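Commentary on secondary and tertiary structure
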Amino acid sequence: MRKTTLTPYLLVAPAAAFFAIYVLYPIVHTCVLSGYSWSTVNPVKRLVGLENYRQLLSDPYFVISLKNNLLFIVVSLVIQLPVALLLAVAVGSLTRYHRLVRTLVFGPFVVPIVAVGLIWTAIYNPSFGALNGLLTHLSPVFEHRGWLSDPPWTVIYAIIFVSCWRYIGFHMMVLLAGLQAIPDELYEAAKIDGASSWQAFRGVTLPIMRRIMAVDALLITVGSVKIFDLNWVMTRGGPNHASEVLATYMYTCGFSDDRMGYAAAIATIMLALTFVATVFYVRYSGREQAGELA
Amino acid sequence: MKPRVGTLIRDGLVGLIALLFIAPVLWALVSAFKSQSEIRLEPWSLPERIAWENFLHAWQGHMGLYLLNSAVVTFIAVVIIIALSAPAAYAFARLQFKGSTALLAFIVSGLLIPVHAVLVPLYQFNPGSLLLGRLAESWAPAMWLSVHFGDWVAVLGPYIAFGLPLTVLLLRSYFIGIPTELSDAAVIDGCGHLAILRRIFMPVARPAVATVAIFQASWIWNELVLAMVFIDEPLQRTLTIGLMSFQGEHATDWGIVMAGVFMAVVPVLVLYFIFQQHIVKGLTAGAVK
């Protein structure tokens, strides 16, 4: 039954058309719009070429946003991956309760994200927050300590911490699935060769897990470029833009300040960063695979 | 054999870490039952008197409506995502046609795209809203829909579109694994492709459909920025923006805010404890595939 008909195209068409109308076309449109200056109040578009990008480079809030996104990527990678791997290994070898522990660690990931933001806003609250409630028992320094306000440089770390708290369970599950796929014989062989459990971890677990960890690292990176919800719910990017990230700044520029062309330029940069990260990881994990084959 | 001390210490440590992960949620859920003055007095105490009025305020603050709205929007989006993705996945899995690889790559390219990249153009030009507006000029039901659920029509478009890539990809890989003998019989009976898809592929692929439905439902349930841009009408607010406006109205009374959080969190946690394996599988579907 190999004849050329229209049927396959008709089956694919609705999904492809929908995707083209709502994702692909708007993306191209965003890139184009980033070359104009316009607002919803004054919808006449003025062609300004790369002016928006030139302005961005000298915009201190954009620079803060970009720095915060990079910080988000680096800290998330450094904390989430190792802790998730450690937990996955520990939970995998747990003699009792391993189901319960898995359930609890994954728990934060199913809590709706706006609720997470509100919960932690309350926990960080200077006067009645749970965190200061604990810390004041250690030292009176922490009385009325405002984790989301003062000093401003702690704010972004406070938010990154919440993000790690929410996503480590997710990454633990992903890595756990990878660990469970490793055949027991490999460990038995390592044991027979007299390898210690650390040697087995380095010699068997890590090399096999490398690919799934690369995928995971890509997810963390792309997720950190897109990060919006927690920052928006907890601080709106404040105080004074201290916890601004590209997505919050893009939203503020476009939908509060009504600078649509400028917002489109920021969105284009987010898109470019996502693209670069994806190409990097695909290349990297591809090369790893080739290396394993050779 | 007695467990070694090392094992005990390790188990205890892991248990402690697990407790750290759940403590913040528990703290918030307990705080929902405390009055503002009790929270201010001692953040870690148990409620001396259960402040039911917090929940009364949360209910009067339309938290119930927001939950219902999110459930309806999420349901509609997931159903349409699957209805659009299944035929495409079937074609990619079973039919050979020119350009299939390119078409698949085109749709899958959407996997990692941030929604912020479509906000500005869609805000200016939302195909669903424009179409509905045009229809509403001459057709009463469209008018009704546009008045009562116009914002949902606007927000559902991108929700559906961003759900397609992973759904097509996952269903396709499941469909490929379905033995051809199953569908050959139907072909001999003269069934068309859509009938084969509906009667054979979809029932067999039920686990994959469930997995991908959970994944899509979860991100749509949590989606914030598209809802902020496209939903203006207070009665059409979904849970995310509803919860935020609720917090805005009660910014100084955290007992009430935590009652709102409680109403948003507890249904999800109950579902999680009941369907744990399915939910974990669904939520990690994007990474493990």
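Residues numbered from 1 in each chain as written. Chains lettered and ligands numbered in written order. Predicted model: local features only at pLDDT ≥ 70, side-chain atom pairs only at ≥ 80, totals over all residues.

Considering the overall build of chain B
A tally of helices and strands in chain B yields 16 helices and zero strands. Against the 2.2 N^0.38 benchmark of 19 Å for 289 residues, chain B shows a C-alpha radius of gyration of 24 Å, more extended than a compact globule. Seen through its principal axes, chain B has C-alpha atoms that stretch 75 × 75 × 35 Å. For chain B, buried positions account for 46% of its 289 residues. Contacts spanning at least 24 positions in sequence make up 76% of the contacts within chain B whose residues lie at least 6 apart. (Helix = DSSP H or I, 4+ residues; strand = E, 2+ residues; numbered from the N terminus. Rg over C-alpha atoms; globule rule 2.2 N^0.38 Å. Buried ≥ 20, exposed ≤ 12 C-beta atoms within 10 Å, placed from the backbone. Contact = placed C-beta atoms within 7 Å.)

Here we look at the overall build of chain A
Broken down by element type, chain A carries 12 helices and two strands. N-terminal to C-terminal, the α/β element order of chain A is α-β-β-α-α-α-α-α-α-α-α-α-α-α. Within the span of chain A, comprising 294 residues, buried residues form 43% of the whole. Of all intrachain contacts in chain A linking residues separated by at least 6 positions in sequence, the fraction that spans at least 24 positions is 68%.

Topic: the packing of helix H5 (residues 113-123) of chain A against helix H13 (residues 239-249) of chain B
Their axes nearest at 9 Å, the elements H5 of chain A and H13 of chain B cross at an angle of 25 degrees. In terms of their interaxial angle, H5 of chain A and H13 of chain B are classed as roughly parallel. Counting all contacts with H5 of chain A, which are made through Val 114, Ala 115 and Leu 118 of chain A, the residues of H13 of chain B involved are Thr 240, Leu 243, Met 244 and Gln 247 of chain B. Residue composition of the contact of H5 of chain A with H13 of chain B, by class: five nonpolar, two polar and no charged. (Axes fitted to C-alpha atoms, helices over the stretch in contact; angles between N-to-C directions. Parallel < 35°, antiparallel > 145°, perpendicular 65-115°, else oblique. Nonpolar A, V, L, I, M, F, W, Y, C, P; charged D, E, K, R; others polar.)

So, the packing of helix H8 (residues 140-176) of chain B against helix H11 (residues 206-222) of chain B
All names here are of chain B. H11 packs onto H8 with a crossing angle of 160 degrees between their chain directions and a minimal axis gap of 10 Å. If you check the angle between H8 and H11, you find them roughly antiparallel. Between H8 and H11 lies a crossing of right-handed hand. For the pair H8 and H11, the contacting residues are Tyr 159, Gly 163, Leu 166, Thr 167, Leu 170, Leu 171 and Tyr 174 in the first and Ala 208, Val 212, Phe 215, Gln 216 and Ile 220 in the second. Counted by class, the contact of H8 with H11 contains nine nonpolar, three polar and no charged residues. (Left-handed = near helix turned anticlockwise from the far one by under 90°.)

Overview of the interface of chain B and chain A
Across the contact, 76 residues belong to chain B and 78 residues belong to chain A. With 13 residues, the top contributor of residues to the side of chain B that touches chain A is helix H1 (residues 5-31) of chain B. Taken together, the residues of the side of chain B that touches chain A break down into 59 nonpolar, 14 polar and three charged.

A look at the confidence of the model for chain B
Averaged over every residue, the pLDDT of chain B is 87; residues scoring 70 or more account for 98%. As scored by the predictor, the complex reaches a pTM of 0.89 and an ipTM of 0.88. (pLDDT = per-residue confidence, 0-100.)

Let's talk about the environment of Val 25 of chain B
On the secondary structure map, Val 25 of chain B appears in helix H1. The exposure class of Val 25 of chain B is buried, given the 20 C-beta atoms found within 10 Å. In sequence terms Val 25 of chain B and Val 261 of chain B are 236 residues apart; their C-alpha atoms lie 9.8 Å from each other. Residue contacts for Val 25 of chain B: discarding those within four places in its chain leaves Gly 107, Pro 108, Val 111 and Ile 119 of chain A together with Val 265 of chain B.

Quick word on the nonpolar core
Ile 266 and Met 270 of chain A together with Val 261 of chain B are the most contacted members of the largest nonpolar core, which has 171 residues in total. Counting residues per element, this core draws most heavily on H8 of chain B, at 17 residues. (Core = buried A, V, L, I, M, F, W, Y, C linked by C-beta atoms within 7 Å.)

A few points about the environment of Thr 30 of chain A
Turning to its location among the elements, Thr 30 of chain A is positioned in helix H1 (residues 7-33). Considering only alpha carbons, one finds Thr 30 of chain A and Ile 192 of chain A, 162 residues apart in sequence, at a separation of 60 Å. When neighbours within four sequence positions are excluded, Thr 30 of chain A is seen to be in contact with Ala 264, Ala 267 and Thr 268 of chain A together with Ala 117, Val 118, Val 120 and Pro 121 of chain B.

Details of helix H14 (residues 254-274) of chain B
Taking 1.5 Å of rise per residue, 21 residues should cover 30 Å, and H14 of chain B covers 29 Å from first to last C-alpha, within 8% of that figure. Turning to H14 of chain B, its buried residues are Trp 254, Gly 255, Ile 256, Val 257, Met 258, Ala 259, Gly 260, Val 261, Phe 262, Met 263, Ala 264 and Val 265 of chain B. (Expected span 1.5 Å × (residues − 1).)

So, unusual backbone geometry
Residues and elements named next belong to chain A. Of note in the backbone geometry, Arg 236 takes a positive phi value of approximately 60 degrees without being a glycine. Summarising the element assignment, Arg 236 is placed in the loop between helix H10 (229-235) and helix H11 (246-256). C-beta crowding within 10 Å serves as the criterion here: with 15 such atoms nearby, Arg 236 is assigned to the partly exposed category. One non-glycine residue with positive phi stands out, namely Asn 240, at about 45 degrees. Along the chain, Asn 240 turns up in the loop between H10 and H11.

What to know about the environment of Gly 178 of chain A
Residues and elements named next belong to chain A. Residue position: Gly 178 is located in helix H7 (residues 153-180). Using a count of 22 C-beta atoms within 10 Å as the deciding quantity, one classes Gly 178 as buried. C-alpha of Gly 178 to C-alpha of Ile 212: the two residues are 34 residues apart in sequence and 6.9 Å apart in space.

As for the confidence of the model for chain A
Across chain A, pLDDT averages 86, with 95% of residues at or above 70. In the model, residues 288-294 of chain A has pLDDT below 50 throughout and makes four contacts with residues more than four positions away in sequence or in other chains.

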